[in-house]
Amino acid sequence: MNRVYNLHATLIKTGQHNNPLSLRTFFLRCAELPSADTASYAAAVLLRFPIPDPTPYNTVIRHLALHSPTLATTLFSHMHRTGVPVDHFTFPLILRHSLPRLKPHHLHPLILKLGFASNIFVQNALINAYGSSGSLNLAVHLFDEMPQRDLASWSTLIVCFTNNGYPAEALSLFQQMQLGDPQVPESTDGVMMLSVISAVSSLGALELGIWVHAYIRRAGLGLTVPLGTALINMYSRCGSIDRSVKVFEEMPHRNVVTWTSLITGLAVHGRSREALRAFRDMREAGLRPDGAAYTAALVACSHGGLVEDGWRVFESMRSEYGVYPMLEHYGCMVDLLGRAGMLLEAFKFVEDMPIKPNSVIWRTLLGACVNHNDLVLAEKAKERVNELDPHHDGDYVLLSNAYGGVGNWGGKAGVRNSMRENRIVKEPGLSVVHIDQVVHEFVSGDNSHPQWEEIMKFLVSVVDTIKLGGYAPNTSSVLHDIQEEEKEHSLGYHSEKLAVAFVLLYHRDRKAIRVIKNLRICYDCHSFMKHVSGIFDKDIIIRDRNRFHHFSKGSCSCGDFW
Ligand code: ZN
Ligand code: ZN
C-alpha cells in the first residue's frame, strides 16, 4: 500500500496528477498490487480525476470486482454519468463479475442503447450472465438470434445447459455444433469439454461418452488432470469402470481428486478391495488424502462390508494425517456398521460422536434397523429423525415396510395414514436406457411407452421363463427390504424390469444392457436381474441411486449386499 501512496505522492509533487498518461500507468501499478486497499484507493483517485478513456476504468473495475463489488458498481455508474465512453471490454467485465445492481436484465437495455448488441464478446457475456442467473430461456433466445457465433458462444451455452441441469440439451447442442454449423471453428476448448463430459456423466450414456472421449483425442486436447479426472468419473457413472481404470493409467499426472474419483468409482462398482488398494497406492505415491478421499475409502469399506478395514481407515484420519472426521465420515461408519448388522455398536458410535449427528445419520441407522428387523431400535432412531427432520418421506416408507414384514398391519396402516396427512408423496420409479443415442424412459405403472403392450406381454413370458430356472417372485421379504417405491402389482412392474424387457425384445443382439434408475433397486428386481443375466446370457448393468450392480451369469457384483 505504501508503494501506491509513494507513487501517487510523486505524481502530485511532479504536477503529473492530472496527466491522463501518468494516471493510466498509476492505475496499472495499483492493479499489480492487488488488495482491497489499493483497489479502493485507485477508485477514489479515478472518481476525483475522471479520464475520458475506458481503459483505466476497466482496469480498476476488474480490480475492484474481487475486493469491493459495490464500489465497482459505483465506479461504473460514475463512468456512465460523466459520459466516459464504454468499450467492448467493459460490459463483458461487468457481466462476468455479476456486480450488485448490474445484473444482465439491468444492463441489457443499456447495451442495446449504446450499440453493443451485435458485438460478439458482449453477446457471449450476456448469454453467460443470463444462463448463470437462472434465465436460461433468455440465454437461448440470444444465442438463436446471433447472426455470427464463435466457439465461445457455443461453449457458453453448453456450459449453461449443463450447470442448469439440462444435460441432454447440452449434448444435443454440442452435436449440433459438430454437425450443423459451418461457422464453427475446428478447435475446441477444455472448459466446454468438461461441461460436455459432465453432461454425459449425469445421463449415464456410455456410447456418447466413448464418442466424446474420441473427439477429445482427435482434437488433441491432451489428458490434463481436470479432463482425465472428469473422464474417470464419466466412465464410472456410465457403468464402465474398466474404462475409468484405463484413463487413470494413461494420465501423465494425477492429483488427489483424480485418485478419489478412481476410488469412488471402484467402490460403487463393488470392487472394494481394489478401491482400498488404490487408496494405499495414492498415499505411497506421496499424496496426502483429504476429506473427500477418506469418504471414498470409507464408502468402499461400506459397500464391501469390510468392517475392520473401515475402522482402520477411520482411525488413520486423525492419527496419520490430522484430518478431522466430518459428519459424512461418521455417516459412512454408521452405514458400514449398520449394514453389517452391528446395530448396538452403531448406536453407541452415534451417541458418542463429538459432533451433533444430523437427521441423515439417524436415518441411516433407521434404515439399518429396519433391514435387520429390529423394530425397537428402529422406533428409537425414528424418534430422533422426527425431532430433526419431520417432513421426510423415506423413513415413513422404511418403517411401513418393516411393519408389513412382521405382520403388524395395523401399524402399517397407521404409518401410511400419517404419510397421507403430512402430504408426503413418493417419487415414482424411473428407468432410462440409451440405445443408439435415443433415450427410452420407463416409469413404473405408466403405459405411455409406444410399445408398452408388447413389452408387458414379453415381460410376463420372461418371468415365466426364469421361474423355470428357480426365480421366485418375492414382493414381501423384509429381510432385504430397502424398497423405496411401491410394491409391484399385476399392472405395475418396476421400471427397471420394463427397461430390460424392452432391450431383450427389440435389441436382442446386445450383450450388455445398461439401465439407469432413480431409486434403489428392490430385492425382487435384483433377483429378477440375476436370473435374466444367467438364462439369457446378458450382462446387465444397473446404476441405481446408490451404486452399480453388474449382473452376469446369474450373480451380481454387489454380492447381494447393497
Ligand atoms: Zn423392483
Ligand atoms: Zn447387486
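Residues numbered from 1 in each chain as written. Chains lettered and ligands numbered in written order. Predicted model: local features only at pLDDT ≥ 70, side-chain atom pairs only at ≥ 80, totals over all residues. Heavy atoms only, no water.

Caption draft 1: Summary view of the overall build of the chain. Along its length, the chain carries 28 helices and six strands. For the chain, the exposed area adds up to about 25800 Å²; of that, 55% sits on carbon and sulfur atoms. (Helix = DSSP H or I, 4+ residues; strand = E, 2+ residues; numbered from the N terminus. Areas by Shrake-Rupley, 256 points an atom, 1.4 Å probe, with all protein chains shown as cover.)

Caption draft 2: Layout of the coordination of the zinc ion (ligand 2). Looking at the zinc ion (ligand 2), one finds its protein donor set to be H526 (NE2), H549 (ND1), C556 (SG) and C558 (SG), positioned 2.0 to 2.2 Å from the metal centre. Coordination at the zinc ion (ligand 2) comes from four donor atoms whose angles at the metal span 102 to 116 degrees, giving a geometry best classed as tetrahedral. In primary sequence terms, the donor set of the zinc ion (ligand 2) follows H-x22-H-x6-C-x1-C. On the basis of relative accessible area, H549 is assigned to the buried category, the value being 0%. (Donors = N, O, S within 2.8 Å, 3.2 Å for Na, K, Ca; no water. Tetrahedral: all angles 85-135°; square planar, octahedral: opposite > 155°, others 65-115°. Buried < 20%, exposed > 50% of the residue type's maximum accessible area, 1.4 Å probe, protein only.)

Caption draft 3: Quick peek at the confidence of the model for the chain. On average, residues of the chain score 87 in pLDDT, and 90% of them are at 70 or above. Confidence drops under pLDDT 50 across residues 400-414; counting only partners more than four residues distant or on other chains, this segment forms 23 contacts. (pLDDT = per-residue confidence, 0-100. Contact = heavy atoms within 4.5 Å.)

Caption draft 4: Representation of helix α19 (residues 307-321) within the structure. Taking 1.5 Å per residue as the helical rise, α19 with its 15 residues ought to reach 21 Å, and the 21 Å between its terminal C-alpha atoms agrees with that figure. Along its length, α19 shows its largest kink, about 35 degrees, at E315. For α19, every residue scored as buried is listed here: V307, D309, G310, V313, F314, S316, M317 and Y321. Just downstream of α19 lies G322, where phi reads positive at about 60 degrees. (Expected span 1.5 Å × (residues − 1). Bend = angle between axes of the 7 residues up to and from the residue.)

Caption draft 5: Spatial organisation of helix α10 (residues 151-163). When the terminal C-alpha atoms of α10 are compared, their 18 Å separation across 13 residues agrees well with the 18 Å that a helix rising 1.5 Å per residue should span. When you tally the buried positions in α10, you get 11 out of 13 residues, the bulk of the element. The inward-facing, buried residues of α10 abut α8 (120-132), α9 (136-145), α11 (167-179) and α12 (190-203). One or two positions beyond α10, positive phi appears at G165, with a value near 80 degrees.

Caption draft 6: Quick look at the packing of helix α17 (residues 272-284) against helix α18 (residues 291-304). Contact pair α17 / α18: the axes reach a minimum separation of 8 Å and the direction vectors enclose 155 degrees. Between α17 and α18, the interaxial angle falls into the category roughly antiparallel. By crossing handedness, the relation of α17 to α18 is classed as left-handed. Packed against α17, whose contacting residues are S272, A275, L276, F279 and M282, the element α18 presents A293, Y294, A297, A300, C301, H303 and G304 at the interface. Counted by class, the contact of α17 with α18 contains nine nonpolar, three polar and no charged residues. (Axes fitted to C-alpha atoms, helices over the stretch in contact; angles between N-to-C directions. Parallel < 35°, antiparallel > 145°, perpendicular 65-115°, else oblique. Left-handed = near helix turned anticlockwise from the far one by under 90°. Nonpolar A, V, L, I, M, F, W, Y, C, P; charged D, E, K, R; others polar.)

Caption draft 7: The sheet that holds strand β4 (residues 539-543), seen in detail. With mixed pairing, six strands are arranged side by side in an open sheet as β2-β1-β3-β4-β5-β6. On the outer flanks of this sheet lie β2 (438-443) and β6 (555-556), each paired with one strand and no other. In terms of strand pairing, β4 meets strand β5 (residues 548-552) through four bridges, oriented antiparallel. Pairing of I542 across the sheet is with H549, part of β5. (Pairing = 2+ DSSP bridges.)

Caption draft 8: Structural detail: the coordination of the zinc ion (ligand 1). The protein atoms that coordinate the zinc ion (ligand 1) are H494 (ND1), C522 (SG) and C525 (SG), at distances of 1.9 to 2.3 Å. Each donor residue of the zinc ion (ligand 1) belongs to the same chain, and together they define the spacing H-x27-C-x2-C. In this pair, H494 is assigned in the loop between α26 (452-468) and α27 (495-506) and C522 in the loop between β3 (512-517) and α28 (523-535), connecting sequence segments 28 residues apart. Each member of the pair, H494 as well as C522, carries the same accessibility label: buried.

Caption draft 9: How the structure looks around the nonpolar core. Counting residues in each nonpolar core, the largest one holds 129 residues, and the members touching the most others are F27, I61, F76 and F91. Formed by 32 residues, the second largest nonpolar core is a distinct cluster that contains F442, W452, V462 and V463. (Core = buried A, V, L, I, M, F, W, Y, C linked by side-chain atoms within 4.5 Å.)

Caption draft 10: Looking closely at the packing of aromatic side chains. Tallied over the entire structure, the rule returns 19 aromatic pairs. Note on W311 and F314: the rings are 6.4 Å apart at their centroids and 75 degrees apart in plane angle, and the pair reads as edge-to-face. Placement of both W311 and F314 in helix α19 is noted, with a separation of three residues, approximately one turn of the helix. According to the relative accessible area criterion, W311 is partly exposed, its value standing at 24%. Given a relative accessible area of 5%, F314 falls into the buried group. Following the ring pairs from residue to residue traces out a cluster consisting of W311, F314, Y330 and F349. In this arrangement the basic side chain of K380 is found over the ring face of F347, its NZ or CZ atom lying 5.3 Å from the centre. (Phe/Tyr/Trp six-rings, centres within 6.5 Å; stacked < 30°, edge-to-face > 60°. Lys NZ or Arg CZ within 6 Å of the ring centre and 35° of its normal.)

Caption draft 11: Representation of the pattern of salt bridges within the structure. What the rule picks out here adds up to 20 salt bridges. For D309, the salt bridge goes to R273, with nearest N and O atoms at 3.6 Å. Of this pair, D309 sits in helix α19 while R273 is found in helix α17, placing the two residues 36 residues apart along the sequence. Residue classification places D309 among the buried positions, given a relative accessible area of 17%. Between K517 and E496 there is a salt bridge, with its nearest N and O atoms 2.9 Å apart. Pair noted here: K517 is in strand β3 and E496 is in helix α27, with a separation of 21 residues, a long-range link. In the salt-bridge network here, residues are joined through shared partners; they are E207, D436 and R510. (Salt bridge = Lys/Arg side-chain N within 4 Å of Asp/Glu carboxyl O.)

Caption draft 12: The arrangement of the environment of I197 in detail. Relative to the elements of secondary structure, I197 occurs in helix α12. Ignoring anything within four residues of it in the chain, the contact list for I197 reads V212, I216, L227, A230, L231 and M234.

Caption draft 13: Seen up close, the pairing of β3. Alignment of strand β1 (residues 430-435) against β3, held across two bridges, turns out to be antiparallel. Its bridge partner lying in β3, S431 is registered against K517. Relative to β4, β3 is paired through five bridges, and the arrangement is parallel. By the bridge assignment, R514 is partnered in β4 with I541. Each parallel crossover has a hand, and for β3 linked through α28 to β4 it is right-handed. (Right-handed = clockwise from strand over helix to strand, strands pointing away.)

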